[in-house]
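Commentary on secondary and tertiary structure
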Amino acid sequence: MGPVTMPGMVVFGRRWGIASDDLVLPGAFELFIRVLWWIATVVLYATHKGKFDCHGGAVLHSYIVVLLILLAVIILTLCAVVYVSAQGTIMNPGPRRSMPVLVYLRAVLYIPEFVWACLGAVWVSDSSGGCEPAEIGLVIGAVVASWIILLSMILGLLIVFDPLGSLRRPTLIGEASGLRDLQSSESSQLFYTARSLAVRVWESRLRLLCCCLPQDDNHRAAFSSISQLVSGFFSDTDLVPSDIAAGLALLHQEQDKMEHCRDPDDVIPHSPSSPIREDLEVELEKAAHFMQFAVAAYGWPLYVYSNPLTGLCKLSGDCCHNRNTESDLVGGDNFGCNFSSILHVTGLQYRDFIHISFHNQIYEIPFFVALDHKREAVLVAVRGTLSLKVSSDYIIVLMFRRTELHTSCKKKNIEMGTKYPKGISQAANYIYKKLVNDGILSQAFSIAPEYRLVITGHSLGAGTASLLAALLHSTYPTLKCYAFSPPGGLMSKALAEYSKQFVISVVLGKDLVPRLSIPNMEDLKRRILKMVSNCNKPKYKILLHGCWYEVFGGTPDDFPTEMENRREEALNQPLLGEESLLVPGSTSYHSISSDDSPTHPTHLPLFLPGRIIYITEEGPSRRHCFSQVRYRAEWSNETAFHSVLISPRMVADHMPDVVHRALCSLTSDRPFSLCPSSHSNSHLNVI
């Protein structure tokens, strides 16, 4: 058995989605169960001194003796598996070269264990009469434990099965024989074939997972695009999921170390009387006000989630019937509950609504138009994503498919040839046609002609609102747009600059969504590769410390990483370890092995819309539940969001109720007592 050349383990003639150093923790857990099982069997056997005076006692004696021997062999094998798997590092699998042999041995031992489990079941059903309950219980326990372990093994095989395993094998064989560089056309064709297979596999998985959704053309297109994203992002690397998890854990600790070392004086404070500060305070007041409309657009699910004790009671009277209004109402699921929650959150009256749409399909998202008398505004609130069928679209629009932003007025400030995210641009065009062609805005301004147009939304709704504002700005030059937690990679440089006249974006903390873009994700992949290739600690230690650090905090580990003992300019140089983790023929492989560095982007950079208000927490990053939280806000720019920040709060900081509380805290000058972890476990899929 030759040395293992890459992290993905190759056994039974194919590569699997597991590495030879991934068996430490599962092997140790099974070893613990097996040892307890063996001790219990020995105690029972010693208690009876090898004599079982019952019908079938002779068979029971033989069964227990063989079971003890079989368990002892399995325990010794597991000890070897755990010990060998703990050796070396992610990029140094040499000490684990014997792991395939141990895997084969462990697989062979499943055969006698299966046979013995069947014999035990037969004995219990046919020959256990007259035996003591402890004896029968031991056999039943052995049979049940064996079947649980066997079924767990089958489930584990399904999880770590790599649909590309058989297609990656020729590459491994070529490298092992010294043919590191395959012919370019052959390698590219192999990679294309593997990629196509992976797309089909992931598309089947998504259809099975989302079997309750309509299987129309739009959803099929969505599943196909998501499959391209999921299968393609790490398909050109030899990383297994645990390698990615270890890289993320290392990157999080590295980012925290850099943040702790940052000089607080790097941020230049503005005096309370400065125009910049006054402008910020004014916009924060407006943002806090309009955020409640962005929250209200989510309807009853977010309202009940934010008010778990009283939400259902307040809505129960209105969920089963609709009141007469003068609004143009478009139906949807639970219309009464959604409308009632909007009224509770915004404090508006029924007569203040011009149009309400809960129609929810891919590229067609809910929104409402109302008169906000407090701010003298005709307000358009666009809902973010709460359902899988639109969440799937969000991934598509963000990462892959792009289209032009259509508008009847092609101003020079808007680059009509630029490709914008497809789903968001189509959603913006859908609402634009509704507002303009159906006369919704004309009706609103006929009631309140002196009001100004304000558009708002959160997450996907923020992205849609920003592009919608760009479409309407020429017709309504005084309009304002407040985009809360908008998706990254949304606008071209020219349009982002143009939108600073009328768009205010608000980003909280380490929110992941405003940092999501193709260049940022490619940068994240490169950093994970660097972390993994440079760390000289076993993976199980990285994962154990990473889990402890994520849950309980503490001091970031001093594992060697890309930032230590290296000049900053050296970080742009490719490493041999990184290159060995990439599949020959892939785009990333050609990029890292040539002069194409990250400074030469292959994707058109897109930016967050408008001026950006960046809200961060003051004080330590870790705190106890119910401790006071103080926020600070400052004007920022798009360069502050050019890398993904790894943190447990990267999802919690995106939740609309958390953003709303932060804005209210800033504008009321009172800290909120809340625990972010309570939001990070939310079951609402808000994107």
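What counts, and where the lines are drawn
- Residues numbered from 1 in each chain as written.
- Predicted model: local features only at pLDDT ≥ 70, side-chain atom pairs only at ≥ 80, totals over all residues.
- Heavy atoms only, no water.
- UniProt positions renumbered as here; feature names shortened; annotations may be inferred.
- Helix = DSSP H or I, 4+ residues; strand = E, 2+ residues; numbered from the N terminus.
- Buried < 20%, exposed > 50% of the residue type's maximum accessible area, 1.4 Å probe, protein only.
- Contact = heavy atoms within 4.5 Å.
- Areas by Shrake-Rupley, 256 points an atom, 1.4 Å probe, with all protein chains shown as cover.
- Axes fitted to C-alpha atoms, helices over the stretch in contact; angles between N-to-C directions.
- Left-handed = near helix turned anticlockwise from the far one by under 90°.
- Expected span 1.5 Å × (residues − 1).
- Core = buried A, V, L, I, M, F, W, Y, C linked by side-chain atoms within 4.5 Å.
- Lys, Arg positive; Asp, Glu negative; His and termini not counted.
- Salt bridge = Lys/Arg side-chain N within 4 Å of Asp/Glu carboxyl O.
- Polar contact = N/O pair within 3.5 Å; in protein donor to acceptor, adjacent residues only side chain to side chain.
- Phe/Tyr/Trp six-rings, centres within 6.5 Å; stacked < 30°, edge-to-face > 60°.
- Lys NZ or Arg CZ within 6 Å of the ring centre and 35° of its normal.
- Pairing = 2+ DSSP bridges.

The name that an unreviewed UniProt entry assigns to the protein is Diacylglycerol lipase-beta, with the source organism given as Pygocentrus nattereri. UniProt's Sequence similarities (unreviewed entry) comment on the protein is quoted here verbatim: "Belongs to the AB hydrolase superfamily. Lipase family." What UniProt states about the protein under its Cofactor (unreviewed entry) heading is, verbatim, "Ca(2+)".

1. Section: the overall build of the protein
Looking only at helices and strands, one finds 24 helices and 14 strands in the protein. Taken over 687 residues, the protein has a buried fraction of 52%. Pairs at least 24 apart in sequence give 75% of the contacts found in the protein among residues at least 6 apart. Taken as a whole, the protein presents about 31,300 Å² of accessible surface, with 60% of it coming from carbon and sulfur.

2. Quick word on the packing of helix α1 (residues 24-47) against helix α3 (residues 99-126)
In contact at an axis separation of 16 Å, α1 and α3 are set at 35 degrees when each is read in the N-to-C sense. In the packing of α1 onto α3, the handedness of the crossing is left-handed. Each of E30, R34 and W37 in α1 lies in contact with α3, whose residues at this interface are R106, Y110 and E113.

3. Examining helix α23 (residues 656-668)
In this model α23 runs 18 Å from its N-terminal to its C-terminal C-alpha over 13 residues, within 8% of the 18 Å that 1.5 Å per residue would give. Here α23 has its buried residues at P656, D657, V658, V659, A662, L663 and S665.

4. Quick word on the nonpolar core
Generally speaking, soluble globular proteins have nonpolar side chains that are buried together. Residues V380, L435, L453 and L472 are the most contacted members of the largest nonpolar core, which totals 42 residues. Those elements that place two or more of their residues in this core are β5 (367-372), β6 (377-382), α14 (422-437), α15 (440-447), β9 (452-458), α16 (460-472) and α17 (493-499). The greatest single-element share of this core, amounting to eight residues, is contributed by α16. Apart from the residues lying within four places of it in its own chain, the contact partners of L472 are Y432, L435, V436, L441, L453, I455 and L479. Ranked by size, the runner-up nonpolar core spans 41 residues in total, among them A287, F293, L379 and A381.

5. Notes on the side chain of D352
Checked against the element boundaries, D352 lands in the loop between α12 (335-346) and β4 (353-357). The buried charged residue D352 lacks any salt bridge, with R351 as its nearest oppositely charged partner at 4.6 Å. From its side chain, D352 meets the backbone nitrogen of Q349 in a polar contact 2.9 Å long. Those residues in contact with D352 that sit more than four places away from it in its chain are A370, L371 and H373.

6. What about α16?
Its 13 residues give α16 an end-to-end C-alpha distance of 18 Å, which sits within 8% of 18 Å, the value for a rise of 1.5 Å per residue. For α16, a buried count of 13 out of 13 residues is recorded, marking the element as mostly surrounded by other parts of the structure.

7. Quick look at the UniProt feature "transmembrane region" (unreviewed entry) in the protein
Mapped onto the present numbering, the UniProt feature "transmembrane region" (unreviewed entry) falls at residues 23-46, 58-83, 103-124 and 136-161. Helix and strand shares over residues 23-46 are 96% and 0% respectively, and the end C-alpha atoms of the span are 33 Å apart. Taken end to end, residues 136-161 is 96% helix and 0% strand, and its first and last C-alpha atoms sit 37 Å apart.

8. Considerations on the packing of aromatic side chains
Throughout the structure, instances matching the rule amount to twelve aromatic pairs. Put simply, the rings of F339, Y350, F353 and F368 pair up and form one aromatic cluster. Sitting over the ring of Y110, R106 keeps its end group 4.0 Å from the ring centre. Here K493 stacks its cationic end above the ring of F607, 5.1 Å away from the centre of that ring.

9. Details of the pairing of strand β12 (residues 611-618)
Among the eight residues of β12, six are classified as buried, and the element is accordingly described as predominantly covered. As paired strands, β12 and strand β13 (residues 628-636) are joined by seven bridges and run antiparallel to one another. Residue pairing across strands places Y614 opposite E634, the latter belonging to β13.

10. Describing the environment of Y298
The residue Y298 is located in the loop between α9 (275-296) and α10 (300-306) in this model. With 160 residues separating them in the primary sequence, Y298 and H458 have C-alpha atoms 9.2 Å apart. Within the local environment of Y298, its side chain forms a polar contact with the side chain of H458, the two groups lying 2.6 Å apart.

11. Focus: unusual backbone geometry
Trans is the prevailing form of peptide bonds, just as negative phi is the prevailing case for residues other than glycine. At E376, a position not held by glycine, the phi torsion is positive, near 50 degrees. Tracing the chain through its elements places E376 in the loop between β5 and β6. For E376, a relative accessible area of 45% corresponds to the partly exposed category. One non-glycine residue, S459, lies in positive phi territory at about 60 degrees. By the element assignment, S459 lies in the loop between β9 and α16. With a relative accessible area of 0%, S459 lands in the buried category.

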